[in-house]
2 protein chains.
Amino acid sequence: MAFPEDYKSRVKKINDFLMESLSVVEQGKLRAAMAHYPQAGGKRLRPLLATMVCEAVGGRADRAIPFGVAIEIVHNFTLVHDDVMDEDDTRRGIKTVHAQFGVPEAILAGDALFARAFELIPESDVDGATGLELVDILAKSVRLLAEGQQMDMDFERAKNVTSDDYMKMIEHKTAVLYSAAAEGGVKIAGGSDRQAEAMFDFGRLMGLGFQIWDDILDLRSTQETFGKPVLNDIRNGKKTLIVINALEDLKGVERREFLKVLGKKKATLAELKMARDLLEDVGAIDHADLVSKQLVAKAKERLSVLKNSPQKQALKQFADYMVTRKT
Amino acid sequence: MAFPEDYKSRVKKINDFLMESLSVVEQGKLRAAMAHYPQAGGKRLRPLLATMVCEAVGGRADRAIPFGVAIEIVHNFTLVHDDVMDEDDTRRGIKTVHAQFGVPEAILAGDALFARAFELIPESDVDGATGLELVDILAKSVRLLAEGQQMDMDFERAKNVTSDDYMKMIEHKTAVLYSAAAEGGVKIAGGSDRQAEAMFDFGRLMGLGFQIWDDILDLRSTQETFGKPVLNDIRNGKKTLIVINALEDLKGVERREFLKVLGKKKATLAELKMARDLLEDVGAIDHADLVSKQLVAKAKERLSVLKNSPQKQALKQFADYMVTRKT
């Protein structure tokens, strides 16, 4: 088994279910705004994770598709609203929803996506008690996503952001949907509480690794490979783990040069590369790489609650992929 | 029993549960933005309706409080986002959330309110299957609210809006939360499908009456009595039932005069009053009054699925209140 190549037919099923879920919306403009990101593609890692965990615990993969798609829809809803909040005009080469349809439409499309996600849970093939557990998992995740986005916005103005602050922020902003997908997969398969807890943690740890790896790609990749502009986090002044660690070590003129570029919206490419090189030289990117790999190693340890199977092996590959992927 | 005077202690319970529900949010700024409207007060008609229907079907009123508060939170979330979309700076005498906290905070606070609403349902004292039915009712309502808001935004640019269009729009934008509250109340009490259907309709019909009555108050009330600025719908060019009907009858110079003021953001008070008088003279406000009363009369007919009780009487008073209230 190779991840993600071996899951093409499953991704197709997920995509079909996703697009069909959005087709029930009556108002044409609203429907178009809601479908703008989903139809632009995506790896569907979160729904894939839900189905793979469900399988590894002994359930049929397809049973986790509605819940997995609900998570994917929530993910898309947060992208739509985050782009409005961050005033970004493009996302992965296409116009953002608000740039294409206007801010009111984007707010509304996000809300309607959110609502559709919750409509899918009662459609799942699960008993009432399990369904309510899934609602609880998803609703709590969205609330924590909002808390994470608030932290992220606060960080922009904060003088002092520690690596603990950063880890808490990405736990809320990125990891929650992976932990929700994995935990939900266990619930749908009728797994034990011990399995649910372990797989929640598996999702959480690899979600953290995923985000740190994303920060690394922004610095070390190219636009062609990464599929989106690079060196953006420096330009936007993001206090990533890499920047936080570098600021602990950079001194004197190098520190001043770095701080001059961090958050400079009109920085030149040369300035951004200079700042990137400083992060590289001080070892902050290598350190982040190590942290991301350690997180995924810890994630894989949590798989010990599952019996050995090809599905368990596939989950290991999934976890490795999170911190080795090129896009 | 007098409505709503006899429900003061219940409204207090609802308020306590509502404010406590918001207190779990960790990020201070987010929590403050979320609580901005809820703590400014409100009649809590939707949660009251849920508890009263639950009682009238034989359940304990308190059991419907979590679901009722979930609906109230959804209502508040739509107010927050609608105010951003409409660029309104004040609501009932206080600053809107985005005017006070900024647009990104308002978008986020709305999202977090939405999430909290769904977190409350698994906390309700109901079995899993009933809980999932409540999730379905609430999620569908929010999606329809978004469809209604889309219609409302489209109406602003539309040349031709019919009274059928208007009724469909307010059914989505206003009535759904009343029908959801009433239907949910039956489900929580363990009532029959026939009762659930009838009470859904009871809520829907009186919700429609409520909105038409609101349009009338905007024209016939004063700011002191109504608690918010009047003649706003004319200034904002809202195509209410009253305006739609008037435009079928107004001819010649009167029609031209009216259309000159409709949607004129900088209209003087004298102009607004002239336009209002034209609506009055052509009989459009009286007609809307009649429609609102007929809707509530039809709503009350649906109460025939309940056995006679003081609670059933109270629901009749609730329905009458919707189209006789001063605020």
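Structural data are supplied above this passage.
Source: prediction; values computed, not measured.

J.: Tell me about the overall build of chain A, and please be specific about residues and values.
T.: Counting secondary structure elements, chain A contains 16 helices and two strands. Against the 2.2 N^0.38 benchmark of 20 Å for 327 residues, chain A shows a C-alpha radius of gyration of 20 Å, consistent with a compact globule. Each of the three principal axes of chain A carries a C-alpha extent, and together these read 65 × 50 × 30 Å. Burial analysis of chain A (327 residues in total) assigns 58% to the buried set.

J.: Tell me what's going on with the interface of chain B and chain A, and back it up with residues and numbers.
T.: Residue-level contacts link 43 residues of chain B with 43 residues of chain A. Both faces considered, chain B and chain A share a buried interface measuring about 3,800 Å² in area, 66% of it formed by carbon and sulfur atoms. Along the contact surface separating chain B from chain A lie four salt bridges. The salt bridge partner of A:R143 is B:E119, with a shortest N-O separation of 2.9 Å. Run the count over chain B and chain A and you get 12 residue pairs in polar contact (both at pLDDT 80 or more). Those elements that place two or more of their residues in the side of chain B that touches chain A are α2 (28-35), α4 (65-86), α6 (103-120) and α7 (128-157) of chain B. The element best represented in the side of chain B that touches chain A is α7(B), accounting for 18 residues.

J.: Quick one: what's the story with the nonpolar core, residue by residue and with numbers?
T.: Ranked by internal contacts, the top residues of the largest apolar core, which has 244 residues, are A:L49, A:M199, A:L315, B:L49, B:M199 and B:L315. Once residues within four sequence positions are removed from consideration, B:M199 is found in contact with B:V53, B:A182, B:V186, B:L303, B:V305, B:L306 and B:L315.

J.: How would you summarise the relation of the copies chain B and chain A if you had to cite specific residues and measurements?
T.: For these two chains of identical sequence, chain B goes onto chain A by a turn of 180° and a shift of 0.0 Å along the axis, with RMSD 0.0 Å. Such a turn and shift between the copies fits a two-fold axis. Ranked by how close their C-alpha atoms come to the rotation axis, the residues of chain B are headed by B:G128, at 2.0 Å. A high fraction, 100%, of the interface residues of chain B reappear at the interface in chain A, so the copies pair face to face through one surface.

J.: Describe in detail unusual backbone geometry, supporting the description with residues and values.
T.: Residue and element names in this part refer to chain A. In the Ramachandran plot, R44 falls in the positive-phi region, its phi being about 60° despite a non-glycine side chain. In this fold, R44 is placed in the loop between α2 (28-35) and α3 (45-56). What makes R44 buried here is its relative accessible area of 3%. Of note, L231 is a non-glycine position whose phi angle comes to about 60°, a positive value. Topologically, L231 is positioned in the loop between α10 (223-226) and α11 (232-235). Overall, L231 belongs to the buried group, its relative accessible area being 4%.

Rules used in this analysis
- Residues numbered from 1 in each chain as written.
- Chains lettered and ligands numbered in written order.
- Predicted model: local features only at pLDDT ≥ 70, side-chain atom pairs only at ≥ 80, totals over all residues.
- Heavy atoms only, no water.
- Helix = DSSP H or I, 4+ residues; strand = E, 2+ residues; numbered from the N terminus.
- Rg over C-alpha atoms; globule rule 2.2 N^0.38 Å.
- Buried < 20%, exposed > 50% of the residue type's maximum accessible area, 1.4 Å probe, protein only.
- Contact = heavy atoms within 4.5 Å.
- Buried area = accessible area lost by both parts, 1.4 Å probe.
- Salt bridge = Lys/Arg side-chain N within 4 Å of Asp/Glu carboxyl O.
- Polar contact = N/O pair within 3.5 Å; in protein donor to acceptor, adjacent residues only side chain to side chain.
- Core = buried A, V, L, I, M, F, W, Y, C linked by side-chain atoms within 4.5 Å.
- Least-squares fit on C-alpha atoms with pLDDT ≥ 70 in both.

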